[in-house]
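# Fold and geometry: a report
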Amino acid sequence: MAILKRDPRLTSWQSTLCGGVAGVLSRTATAPLDVVKILTQVGTFHSKQGFLNTFQLVYKAEGLQAFWKGNLTACVRLFPYSAVQLSAYHRLSVLFMDDLGQISPSKAILAGSVAGMLAAIVIYPTDVIKTRLIVQNSLEPTYRGIIHALYTVYYQEGFRPLYRGVSLSIL
C-alpha cells in the first residue's frame, strides 16, 4: 500500500509552475522532431524521401521557423492537461483510499489511467489544432493561429472533427 504525501518544499502553485516551465522547455526543444514525425505520419511531400531528408526539405520549403509550427498550441495545452490530470488523479485517489488513507498500487494505477484518459478527452481539440497548424504550409497558411484554426474547424466542419481520433489517443 502507498500513502500519498505532500512535498512540503514547494507549494502546489510552485510545483505546477515548475512542471509547466519544464514541459514548455522540453516541448520547445523537441518541436522539430514532432513536426517531422507528424509530416511523416500524414504523408506530405516532405516525407516521401525518408525521415532524415524531411528535415532538409522542410527547411528549404518553409525555413527554420517551420520546425516550430504548432508549438505554441502544444505549450498552451500543457497547463490545462496537467491540471485536469492531476486534479482527477487526486480525486480518484481519495475515492479509492481505504479507511487508513492508503491506496493499493493497482488502484493507484487505475486512478492514474482514468485521470490521463479524462485529461486527453478534455484537451484533445488542441491536438487536432496543433496537427493542422503543423501540416499547413507556413508560407501560405490556411489558419492564422490557434483561435482562428479552432474557429474555422468548428464553423466549417462542426464539433465532431475536433474529436476525430480521440479513441486512439485514449487507447
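Residues numbered from 1 in each chain as written. Predicted model: local features only at pLDDT ≥ 70, side-chain atom pairs only at ≥ 80, totals over all residues. Heavy atoms only, no water.

Going by what an unreviewed UniProt entry lists, the protein is known as Solute carrier family 25 member 43 and is assigned to Aquarana catesbeiana.

### As for the nonpolar core
Val35, Val36, Ile38, Leu39, Val58, Ala66, Phe67 and Ile134 together form the largest nonpolar core, which totals eight residues. With four residues, the top contributor of residues to this core is helix H1 (residues 12–42). In contact with Phe67, other than residues within four places in its own chain, are Ala31, Pro32, Val35, Val36, Phe55, Val58 and Tyr59. Listed in part, the six residues of the second largest apolar core include Ile129, Tyr143, Val153 and Leu162. (Core = buried A, V, L, I, M, F, W, Y, C linked by side-chain atoms within 4.5 Å. Buried < 20%, exposed > 50% of the residue type's maximum accessible area, 1.4 Å probe, protein only. Helix = DSSP H or I, 4+ residues; strand = E, 2+ residues; numbered from the N terminus. Contact = heavy atoms within 4.5 Å.)

### Side note on the pattern of salt bridges
A full pass over the atoms with the stated rule returns six salt bridges. Linking Lys37 and Asp34 is a salt bridge whose minimum nitrogen-to-oxygen distance equals 3.1 Å. Note that Lys37 and Asp34 are positioned in helix H1 at a spacing of three residues, about one turn of the helix. For Asp34, a relative accessible area of 13% corresponds to the buried category. For the salt bridge of Lys130 with Asp34, the shortest nitrogen-to-oxygen distance reads 3.2 Å. Placement of Lys130 in helix H4 (residues 105–135) and of Asp34 in helix H1 is noted, with a sequence separation of 96 residues between them. (Salt bridge = Lys/Arg side-chain N within 4 Å of Asp/Glu carboxyl O.)

### Digging into helix H5 (residues 146–157)
Helix length check: H5, at twelve residues, gives a terminal C-alpha distance of 16 Å against a target of 16 Å (1.5 Å per residue), a fit within 8%. Taken residue by residue, H5 has Ala149, Thr152 and Val153 as its buried positions. Viewed along the axis of H5, the buried residues span an arc of 95 degrees, placing them on a single side of the element. Projecting away from the buried face of H5 at angles above 90 degrees are the exposed residues Ile147, Tyr151 and Tyr155. Looking one or two places after H5, you find Gly158, whose phi comes out positive at around 100 degrees. (Expected span 1.5 Å × (residues − 1). Arc of directions from axis to C-beta.)

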